[in-house]
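Examination of the molecular architecture
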2 protein chains.
Amino acid sequence: MTTAKMTAVKTRGISILLVDDHPVVRQGYRRVLEHQDDFSVVAEADNAANAYRAFKSHGPDVVVMDISMPGASGLEAIRNIRARDPDARILVFSMHSEAAQVKAAFGAGASGFVTKGSEPAELIAAIRSVARGEHAMSDDVARVLALESLVPTKSALDQLGEREIEILRQFAAGSTKEQIAANLNLSTKTVQNYHYLIKAKTGMRTDAQLVRLAVECGLANL
Amino acid sequence: MTTAKMTAVKTRGISILLVDDHPVVRQGYRRVLEHQDDFSVVAEADNAANAYRAFKSHGPDVVVMDISMPGASGLEAIRNIRARDPDARILVFSMHSEAAQVKAAFGAGASGFVTKGSEPAELIAAIRSVARGEHAMSDDVARVLALESLVPTKSALDQLGEREIEILRQFAAGSTKEQIAANLNLSTKTVQNYHYLIKAKTGMRTDAQLVRLAVECGLANL
DNA sequence: TGCAGGTCGGGAAATTTGCCCGACCAAATT
DNA sequence: AATTTGGTCGGGCAAATTTCCCGACCTGCA
């Protein structure tokens, strides 16, 4: 087979960059996606930094990205990519569908959000949509977002301020209040007060519930 | 369930039942696996109950199962399947590689344990191994297990008694100490003492660390 | 028979929480 | 320019919890 494969892809199909930290999972998607004959996966990456590099060198039409990656949040990768190319199309492919996470993703510049619980057809359709420059999300994500736009729900984390979020994250990550205070140059007392406030605002009664909330909202990388 | 059937299958290929609660992920694996021409995925299931039903009706050579499924633990599914057919080959395919979880899986009757962070080749090799009746695990799992067999570490949860485990689970699930005491017909004081003991035994300093430990060990369904 | 270990709780000092408060500062309103 | 609003930062103090030690009971086992 001697084909000039890299030529004039734009006119023919959709080139894709896959970002996910699990090789098997990644390869799985790759096969699912390449089964569509107008799709071609031109690169893969397993972390935020490599994703950025791969984007620079391949300039794919669509980036399909799992944002729950180790280390730096995938949100950062989205921001980096968009900073370099404001027309970049990024489709987030996540385990969770917390309203806060979805909003954060779109806020960072994502064009779509599909959960891993969706049917393959939904993912494929979403990729075509974002490639066309539209926004896309899977049904379950839409439902969550719709629900929370109806109700002034303040879905748990949204009502927290910057500082509160940061303290909650460190707390959920396992840090002591003293450590958090030291990290942020605060008095222990202040951190204690934040802790109290966070519990009050989120309605969580137990520290354990707080940790679970943080994990579920993608605040803490489990 | 006759031996005659087994030999017939052996000459042809390896039939596989896929169990994972994420359709896209599942379909991804399916393609990866079916790319091997002696593999054939004969059924899929998205939860423990369906896995058991599918096993009964298809009698696959190997079950490839993600044990971090919603609701009842996948461990239960393993036990159910093995209870019906002690020769069943089950390969666990998990996100995590906590020693406790690996042990629990093998204890429940799994024949292999591969993490989702492994290369596809490792998964494929592992499937062939368990199909042959051998035990298999990916390199990272082996390393974790080896490490913990060398060190008298008693990886976190193993050193806890029945009662301690139960209290830890309820605690991680978000229950108050009073609620736990009420559930188990204990005094609050006793639960407090257990809580203290558990932290001491596991070496966790923070409640948050404790919760994470419990979640990572599959004690609490996130 | 006696020892090891899991279970259950009391006690007392040390620490943390729960809740309220005031102060500062920056942005938005008026 | 003046004021309201809202996030940030911490003090205070009573009440609650944690920490660590202890004794008692029961069971399996050497």
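As shown above, the structure is provided for reference.
Figured I'd write up the structure that's included with this text. (Residues numbered from 1 in each chain as written. Chains lettered and ligands numbered in written order. Predicted model: local features only at pLDDT ≥ 70, side-chain atom pairs only at ≥ 80, totals over all residues. Heavy atoms only, no water.)

1. Notes on the protein's contact with DNA strand D
Taken together, the neighbourhood of DNA strand D is formed by 16 residues, with Arg163, Lys189, Thr190 and Tyr194 of chain A together with Lys177 of chain B sitting nearest. Restricting the count to atoms of DNA strand D within 4 Å of the protein gives a sugar and phosphate share of 65%. Contacts to DNA strand D include asparagine 193 of chain A, whose side-chain N or O atom sits 2.9 Å from a base oxygen. With respect to DNA strand D, the side chain of lysine 189 of chain B contributes an N or O atom lying 2.9 Å from a base oxygen. Looking at the surface near DNA strand D, the elements with two or more residues in it are α8 (162–172) and α10 (188–202) of chain A together with α9 (177–184) and α10 (188–202) of chain B. With five residues, α10 of chain B is the single largest residue contributor to the surface near DNA strand D. Of the residues belonging to the surface near DNA strand D, the class tally is three nonpolar, six polar and seven charged. (Near = heavy atom within 4 Å. Polar contact = N/O pair within 3.5 Å; in protein donor to acceptor, adjacent residues only side chain to side chain. Helix = DSSP H or I, 4+ residues; strand = E, 2+ residues; numbered from the N terminus. Nonpolar A, V, L, I, M, F, W, Y, C, P; charged D, E, K, R; others polar.)

2. Observations regarding the protein's contact with DNA strand C
What surrounds DNA strand C is a group of 16 residues, the closest being Lys177 of chain A together with Arg163, Lys189, Thr190 and Tyr194 of chain B. Of everything in DNA strand C that lies within 4 Å of the protein, sugar and phosphate atoms constitute 65%. The side chain of glutamate 178 of chain A places a nitrogen or oxygen atom 3.4 Å from a phosphate oxygen of DNA strand C. Threonine 190 of chain B has a polar side-chain atom sitting 2.4 Å from a phosphate oxygen of DNA strand C. Broken down by secondary-structure element, the contributors of at least two residues to the surface near DNA strand C are α9 (177–184) and α10 of chain A together with α8 (162–173) and α10 of chain B. In terms of residue count, α10 of chain A provides more of the surface near DNA strand C than any other element does, five residues in total. A per-class count over the surface near DNA strand C returns three nonpolar, six polar and seven charged.

3. A few points about the sheet that holds strand β3 (residues 62–65) of chain B
All names here are of chain B. If you trace the six strands from one edge of the open sheet to the other, you get β2-β1-β3-β4-β5-β6, paired in parallel fashion. Each having just a single partner strand, β2 (39–45) and β6 (136–137) make up the two edges of the open sheet. Across the sheet, helix α2 (residues 23–34) lies against β1 (14–19), β2 and β4 (89–94), angled at about 165° from β2, the strand it touches most. The strands that helix α3 (residues 48–58) touches are β1, β2 and β3; relative to β2, the one it contacts most, it runs at about 135°. (Pairing = 2+ DSSP bridges. Contact = heavy atoms within 4.5 Å. Axes fitted to C-alpha atoms, helices over the stretch in contact; angles between N-to-C directions.)

4. Some thoughts on α3 of chain B
An α-helical turn contains 3.6 residues, so any two residues separated by three or four positions project in the same direction. Residue and element names in this part refer to chain B. Buried within α3 are the following residues: Ala48, Ala51, Ala54 and Phe55. Projected down its long axis, α3 shows its buried positions confined to an angular sector of 120°, all on one face. On the buried face of α3, the contacting elements are β1, β2, β3 and α4 (74–84). At the N-terminal boundary of α3, the capping side chain belongs to asparagine 47, with an oxygen 3.0 Å from the backbone nitrogen of alanine 49. (Buried < 20%, exposed > 50% of the residue type's maximum accessible area, 1.4 Å probe, protein only. Arc of directions from axis to C-beta.)

5. Side note on the pattern of salt bridges
All names here are of chain B. In the structure shown here, the tally under the stated rule is 20 salt bridges over all chains. With a closest N to O distance of 2.5 Å, glutamate 44 and arginine 30 form a salt bridge. Of this pair, glutamate 44 sits in strand β2 while arginine 30 sits in helix α2, and the two are 14 residues apart along the sequence. When its relative accessible area of 29% is taken as the criterion, glutamate 44 is described as partly exposed. By relative accessible area, arginine 30 is classed as partly exposed at 23%. With a shortest N-O distance of 2.5 Å, arginine 128 and aspartate 38 are connected by a salt bridge. Placement of arginine 128 in helix α6 (residues 120–131) and of aspartate 38 in the loop between α2 and β2 is noted, with a sequence separation of 90 residues between them. (Salt bridge = Lys/Arg side-chain N within 4 Å of Asp/Glu carboxyl O.)

6. Observations concerning the interface of chain B and chain A
Contacts between the two partners involve 35 residues from chain B, matched on the other side by 35 residues from chain A. Summed over both sides, the interface between chain B and chain A buries roughly 3,000 Å², with carbon and sulfur atoms accounting for 68% of that surface. Between the two partners, chain B and chain A, sit zero salt bridges. Taken together, the links from chain B to chain A amount to six residue pairs in polar contact (both at pLDDT 80 or more). Elements supplying a minimum of two residues to the side of chain B that touches chain A: α2, α6, α8 and α11 (207–216) of chain B. Residue contributions to the side of chain B that touches chain A peak at eight residues, all from α2 of chain B. Looking at the side of chain B that touches chain A residue by residue, the class counts come to 17 nonpolar, twelve polar and six charged. (Buried area = accessible area lost by both parts, 1.4 Å probe.)

7. Here's the deal with the sheet that holds strand β5 (residues 112–115) of chain A
Residue and element names in this part refer to chain A. Pairing within the open sheet is parallel, and its six strands lie in the order β2-β1-β3-β4-β5-β6. With partners counted over all chains shown, the strands left at the sheet margins are β2 (39–45) and β6 (136–137), one partner each. Inspection of the sheet shows strand β4 (residues 89–94) paired to β5 by four bridges, in the parallel sense. Bridge pairing in β5 places leucine 91 opposite glycine 112. Across the sheet, helix α3 (residues 48–58) touches β1 (14–19), β2 and β3 (62–65), and the angle it forms with β2 is around 135°.

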